[in-house]
Amino acid sequence: MPWRHTLVLMSRRTVVFTVVIIGVADALASASLARGDEGGVQALADRVLAATVSVACACDGGSFSGSGVVVSPEGHVLTACSAVPEGATDVSVLLPGHDRRTGAVVAVDESLGVTLLKVPTTKPLAPLPLARRLPAVGCVAFTAADVDDVMLTSGRGSFSHGVVSGLYDVDRQPETGYAGRVIETTAAVDRKSTRLNS
């Protein structure tokens, strides 16, 4: 399958960074939260954080960084093109457990706001599946990211939960170049969190 087609499919299935897990985890998390079962949410956080990475690169004399998510066992990482723009060099991907690897840019699609990277693997990575539909307003939402370089100190990202509070279209944004459907969530998202929109 051509990567452009794959990116279109990924973008249609991907929402706000690890809100991609809404499609996978909404029922589990909603039931766990309703029962007060923090173990289910903790297991979900462990799964999500195992796929959460930090990305950094150089481009046009500057440096860029952000968060990303492992989307294949073979080492494909999806991030925002604001974190790894077209023409990026010296791409570095920090996996959980302080495992830093050199990343290669596979594809960049500024109209979708996404960059697909590939890191070398000696064993399969733990990916997150992509959501197949948009969540409804009121669904449980989760975010995960390398907030304030927490992965450098703790070896894994930060995890937060909230609800989907809105679905709406936005005009092209100068910082991302993206226009289209976005998901608003009350789950904490910091400036380095990767936002991928459907």
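Before any of the text, the structure's been laid out above.
What you are looking at is a predicted structure, and each value in this text was computed from that prediction instead of being measured.

**Thoughts on the overall build of the protein chain**
Right, so step 1: In terms of regular secondary structure, the protein chain is built from four helices and 10 strands.
Right, so step 2: Listed by position from the N terminus, the elements making up the protein chain come as α-α-α-β-β-β-β-β-β-β-β-α-β-β.
Right, so step 3: The proportion of buried residues among the 198 residues of the protein chain is 51%.
Right, so step 4: The long-range share in the protein chain, meaning contacts at least 24 apart out of those at least 6 apart in sequence, stands at 65%.
Right, so step 5: As presented, the protein chain carries roughly 9,100 Å² of accessible surface, and 53% of it is formed by carbon and sulfur atoms.

**A few points about the sheet that holds strand β8 (residues 140-145)**
Right, so step 1: Read from one edge of the open sheet, three strands run β8-β9-β10, paired in antiparallel fashion. The two strands at the open ends of the sheet, each matched to only one other strand, are β8 and β10 (180-185). Recorded for the sheet is a direction-independent mean angle of 55 degrees between the axes of neighbouring strands.
Right, so step 2: Pairing geometry for strand β9 (residues 158-170) and β10, over six bridges, is antiparallel. For G166, the partnering residue across the bridge sits in β10 and is E184.

**Here we look at the pattern of salt bridges**
Right, so step 1: Applying the stated criterion to the full structure yields three salt bridges.
Right, so step 2: A salt bridge links D99 to R101; the shortest N-O distance between them is 2.7 Å.
Right, so step 3: The partly exposed category is assigned to D99, whose relative accessible area is 27%.
Right, so step 4: Judged by its relative accessible area of 18%, R101 falls in the buried class.
Right, so step 5: Taking the shortest distance from any N to any O, the salt bridge between R181 and D169 comes out at 3.5 Å. Residue R181 is located in strand β10, and its partner D169 is located in strand β9; the two are separated by 12 residues in the primary sequence.

**What about the environment of A179?**
Right, so step 1: With respect to the helices, strands and loops of the structure, A179 is situated in the loop between β9 and β10.
Right, so step 2: What makes A179 partly exposed here is its relative accessible area of 32%.
Right, so step 3: Taking the C-alpha atoms as reference points, A179 and L112, separated by 67 residues in sequence, lie 8.0 Å from one another.

**Quick look at the side chain of S92**
Right, so step 1: Along the polypeptide, S92 turns up in strand β4 (residues 89-95).
Right, so step 2: Among the residues examined, S92 registers a relative accessible area of 14% and is labelled buried.
Right, so step 3: Apart from residues lying up to four places away in sequence, S92 is in contact with S54, V55, A56, R100 and R101.

**Here we look at the side chain of T185**
Right, so step 1: Summarising the element assignment, T185 is placed in strand β10.
Right, so step 2: A relative accessible area of 17% means that T185 is categorised as buried.
Right, so step 3: A polar atom in the side chain of T185 sits 3.2 Å from the backbone oxygen of V163.
Right, so step 4: A polar contact of 3.0 Å, which involves the side chain of T185, links it to the backbone nitrogen of A187.
Right, so step 5: Apart from the residues lying within four places of it in its own chain, the contact partners of T185 are A141, T143, V163, V164 and S165.

**Re the pairing of β8**
Right, so step 1: Taking burial as the measure, the six residues of β8 include six buried ones, the bulk of the element.
Right, so step 2: On β8, burial covers both faces: V140, F142 and A144 on one face and A141, T143 and A145 on the other are all buried.
Right, so step 3: By the bridge criterion, six bridges tie β8 to β9 in an arrangement that is antiparallel. For A144, the partnering residue across the bridge sits in β9 and is F159.

Conventions and cut-offs
Residues numbered from 1 in each chain as written. Predicted model: local features only at pLDDT ≥ 70, side-chain atom pairs only at ≥ 80, totals over all residues. Heavy atoms only, no water. Helix = DSSP H or I, 4+ residues; strand = E, 2+ residues; numbered from the N terminus. Buried < 20%, exposed > 50% of the residue type's maximum accessible area, 1.4 Å probe, protein only. Contact = heavy atoms within 4.5 Å. Areas by Shrake-Rupley, 256 points an atom, 1.4 Å probe, with all protein chains shown as cover. Pairing = 2+ DSSP bridges. Axes fitted to C-alpha atoms, helices over the stretch in contact; angles between N-to-C directions. Salt bridge = Lys/Arg side-chain N within 4 Å of Asp/Glu carboxyl O. Polar contact = N/O pair within 3.5 Å; in protein donor to acceptor, adjacent residues only side chain to side chain.

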